[in-house]
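# A structural walkthrough
One letter stands for each residue in the lines below.
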Amino acid sequence: VTLSSVANVRLMDTNNFNNYKNGMKHIYTGGLVSQSPIRLTVPTVGHWHVAIDINGIQGSNGLKAGVKIGCGSLSPSCNPEGSFTPQIAPVAKYSL
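Residues numbered from 1 in each chain as written. Predicted model: local features only at pLDDT ≥ 70, side-chain atom pairs only at ≥ 80, totals over all residues. Heavy atoms only, no water.

Our next topic: the overall build of the chain. Within the chain, the regular secondary structure consists of 2 helices and 7 strands. Along the chain, helices and strands appear, N-terminal first, in the series β-β-α-β-β-β-α-β-β. Counting over 96 residues, the chain shows a buried share of 31%. Counting contacts in the chain only where the partners sit at least 6 residues apart, residues at least 24 apart contribute 67% of the total. Accessible surface computed for the chain: about 6200 Å², of which carbon and sulfur atoms make up 51%. (Helix = DSSP H or I, 4+ residues; strand = E, 2+ residues; numbered from the N terminus. Buried < 20%, exposed > 50% of the residue type's maximum accessible area, 1.4 Å probe, protein only. Contact = heavy atoms within 4.5 Å. Areas by Shrake-Rupley, 256 points an atom, 1.4 Å probe, with all protein chains shown as cover.)

Below, the structure is given as structure tokens:
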């Protein structure tokens, strides 16, 4: 994940992502990122969501973010070009 300024970056499974969207308690990998790029590792095979936000961070207006998916050992048949679906806001999801 590359960022133009400080932001929160969270990698979550679908249940935790739904909790995040609804303002509920959620478990994630990542957190406050002040140096870019940051590499997140998907812990298991499945459907994962990356959420990037500036909630509670002052001075991060105009945030620009990018997500690049690399294929690791979890999915030898991974096709990152065809598995990435950007969504509205700085939220994206993909499957491995």
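Read on for the rest.
Once that is clear, we can look at the packing of aromatic side chains. Applying the stated criterion across every chain yields a total of 1 aromatic pair. Directly above the ring of Tyr28 sits Arg10, whose terminal nitrogen or CZ lies 5.0 Å from the centroid. (Phe/Tyr/Trp six-rings, centres within 6.5 Å; stacked < 30°, edge-to-face > 60°. Lys NZ or Arg CZ within 6 Å of the ring centre and 35° of its normal.)

Below, the discussion takes up the nonpolar core. One recurring pattern in soluble globular proteins: nonpolar side chains tend to sit buried together. Counting residues in hydrophobic clusters, the biggest one holds 10 residues: Val1, Leu3, Ala7, Val9, Leu11, Val33, Val42, Trp48, Val50 and Ile52. Among the secondary structure elements, those contributing two or more residues to this core are β2 (7–13) and β4 (47–53). (Core = buried A, V, L, I, M, F, W, Y, C linked by side-chain atoms within 4.5 Å.)

Moving on, we come to unusual backbone geometry. Cis geometry marks the peptide bond from Ser36 to Pro37; its omega dihedral reads 5 degrees. By secondary structure assignment, the location of Pro37 is in the loop between β3 (29–33) and β4.

For the rest of this paragraph, the subject is the pattern of salt bridges. One pass over the structure, following the stated rule, counts 1 salt bridge. Note that Asp53 is salt-bridged to Arg10, the shortest N-O span being 2.5 Å. Of this pair, Asp53 sits in strand β4 while Arg10 sits in strand β2; the two residues are 43 residues apart in sequence, bridging distant segments of the chain. Grouping residues by exposure puts Asp53 and Arg10 together as buried. (Salt bridge = Lys/Arg side-chain N within 4 Å of Asp/Glu carboxyl O.)

Right, let's talk about the pairing of β4 for a bit. Counting buried positions along β4 gives 6 out of 7 residues, so the element sits mostly inside the fold. Direction of pairing for β2 relative to β4: antiparallel, over a ladder of 6 bridges. Across the sheet, residue Arg10 finds its bridge partner in β4, namely Ala51. (Pairing = 2+ DSSP bridges.)

Attention now goes to the environment of Phe17. Relative to the helices and strands, Phe17 resides in helix α1 (residues 14–21). Classification of Phe17 by relative accessible area gives buried; the value is 4%. A sequence separation of 11 residues divides Phe17 from Tyr28, and the C-alpha atoms of the two residues are 8.6 Å apart.

The next subject is the side chain of His26. Its place among the elements puts His26 in the loop between α1 and β3. A distance of 3.3 Å separates a polar atom in the side chain of His26 from a polar atom in the side chain of Arg10. Within the structure, His26 has its side chain in polar contact with the backbone oxygen of Met24 (distance 3.0 Å). Non-local contacts of His26, meaning those with residues more than four positions away in its chain, are made with Arg10, Met12, Asn16, Asn19 and Tyr20. (Polar contact = N/O pair within 3.5 Å; in protein donor to acceptor, adjacent residues only side chain to side chain.)

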